[in-house]
Amino acid sequence: SARRTHASATARRGADTSHASRRSSRLAAGALYQAQGALAGRRPRRRSACAHAVMATALKEMMSKQISVITCDGRNIVGTLRGYDQVTNVILDECHERVYSLDAGVEQVVLGLYIIRGDNIAVIGEVDPELDAKVDLEAIRAEGLKPVSHS
């Protein structure tokens, strides 16, 4: 009976080892696939942990300040940064969207409290409230931004 227990434990360890080697092979193949995609000019599937750490540090310095977020679909949302998480989802308070037009001035659509998913953010920047107050948005004529394309 003790011999059977030892034999079955050895067999289980052997199965675990083969499972671990299959898993590491899949991980290596996935890393190779991502590297080949990057060389071919395709967008990587996820941001690296380092990129998230850099972004988290930058966002920490912007807490409770007015920021401008340009989304991947070309929207410009301005508001006060109230929170963020490890995947760069952001919470903006007292925010509005600036809609640009060639025919009229910049329209500001009030949004209030707003959450933007991190994978929809193209650019985040701090806004100087004094300079922003001096800008005559009615006089600005501009075409809206086009969506971000990764092709």
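The structure reproduced in this document is the subject of the present report. (Residues numbered from 1 in each chain as written. Predicted model: local features only at pLDDT ≥ 70, side-chain atom pairs only at ≥ 80, totals over all residues. Heavy atoms only, no water.)

Description of a nonpolar patch on the surface
In step 1: Residues Ile-91, Leu-113 and Ile-115 make up a contiguous nonpolar surface patch of roughly 310 Å² in combined accessible area.
In step 2: Mapping Ile-91 onto the fold places it in strand S3 (residues 90–99).
In step 3: Its relative accessible area of 33% is what places Ile-91 among the partly exposed residues. (Patch = residues over 30% accessible without salt bridge, like charges linked within 9 Å, V, L, I, M, F, W, Y side chains within 5 Å. Areas by Shrake-Rupley, 256 points an atom, 1.4 Å probe, with all protein chains shown as cover. Salt bridge = Lys/Arg side-chain N within 4 Å of Asp/Glu carboxyl O. Helix = DSSP H or I, 4+ residues; strand = E, 2+ residues; numbered from the N terminus. Buried < 20%, exposed > 50% of the residue type's maximum accessible area, 1.4 Å probe, protein only.)

Here's the deal with the sheet that holds strand S1 (residues 66–71)
In step 1: In space, the five strands of this open sheet follow the order S4-S3-S2-S1-S5, with antiparallel pairing throughout. Each edge of the sheet is formed by a strand with only one pairing partner; in this case those strands are strand S4 (107–116) and strand S5 (121–126). On average, each strand axis in the sheet is inclined to that of its neighbour by 25°, with strand direction left out of account.
In step 2: Pairing geometry for S1 and S5, over five bridges, is antiparallel. Residue pairing in the sheet places Ser-68 in a bridge with Gly-125 of S5. (Pairing = 2+ DSSP bridges. Axes fitted to C-alpha atoms, helices over the stretch in contact; angles between N-to-C directions.)

Here we look at the environment of Arg-141
In step 1: On the secondary structure map, Arg-141 appears in the segment after helix H3 (129–134).
In step 2: Under the relative-accessibility criterion, Arg-141 is labelled partly exposed at 45%.
In step 3: Put simply, Arg-141 and Ser-101 are 40 residues apart on the chain and 5.8 Å apart in space, counted from C-alpha to C-alpha.
In step 4: Apart from residues lying up to four places away in sequence, Arg-141 is in contact with Ser-101, Leu-102, Asp-103, Ala-104 and Gly-105.
In step 5: Within the structure, Arg-141 has its side chain in polar contact with the backbone oxygen of Glu-138 (distance 2.6 Å). (Contact = heavy atoms within 4.5 Å. Polar contact = N/O pair within 3.5 Å; in protein donor to acceptor, adjacent residues only side chain to side chain.)

Quick look at the pairing of S3
In step 1: By the bridge criterion, seven bridges tie strand S2 (residues 76–84) to S3 in an arrangement that is antiparallel. The residue bridging Asn-76 from the neighbouring strand is Arg-98, located in S3.
In step 2: Taken together, S2 and the strand that follows it, S3, pair antiparallel across an intervening segment of five residues, in which Thr-88 is found at a positive phi of about 65°.
In step 3: Examined bridge by bridge, S3 and S4 share eight bridges and lie antiparallel to one another. Each bridged residue has a counterpart across the sheet, and for Glu-97 the counterpart in S4 is Val-109.

Re the side chain of Arg-98
In step 1: Here Arg-98 is to be found in strand S3.
In step 2: Exposure remark for Arg-98: the relative accessible area of 10% places this residue in the buried category.
In step 3: A polar contact is formed between the side chain of Arg-98 and the side chain of Asp-132, at a distance of 2.7 Å.
In step 4: Once you skip the residues sitting within four places of it in the chain, Arg-98 turns out to touch Asn-76, Val-78, Val-106, Glu-107, Gln-108, Asp-132 and Leu-137.

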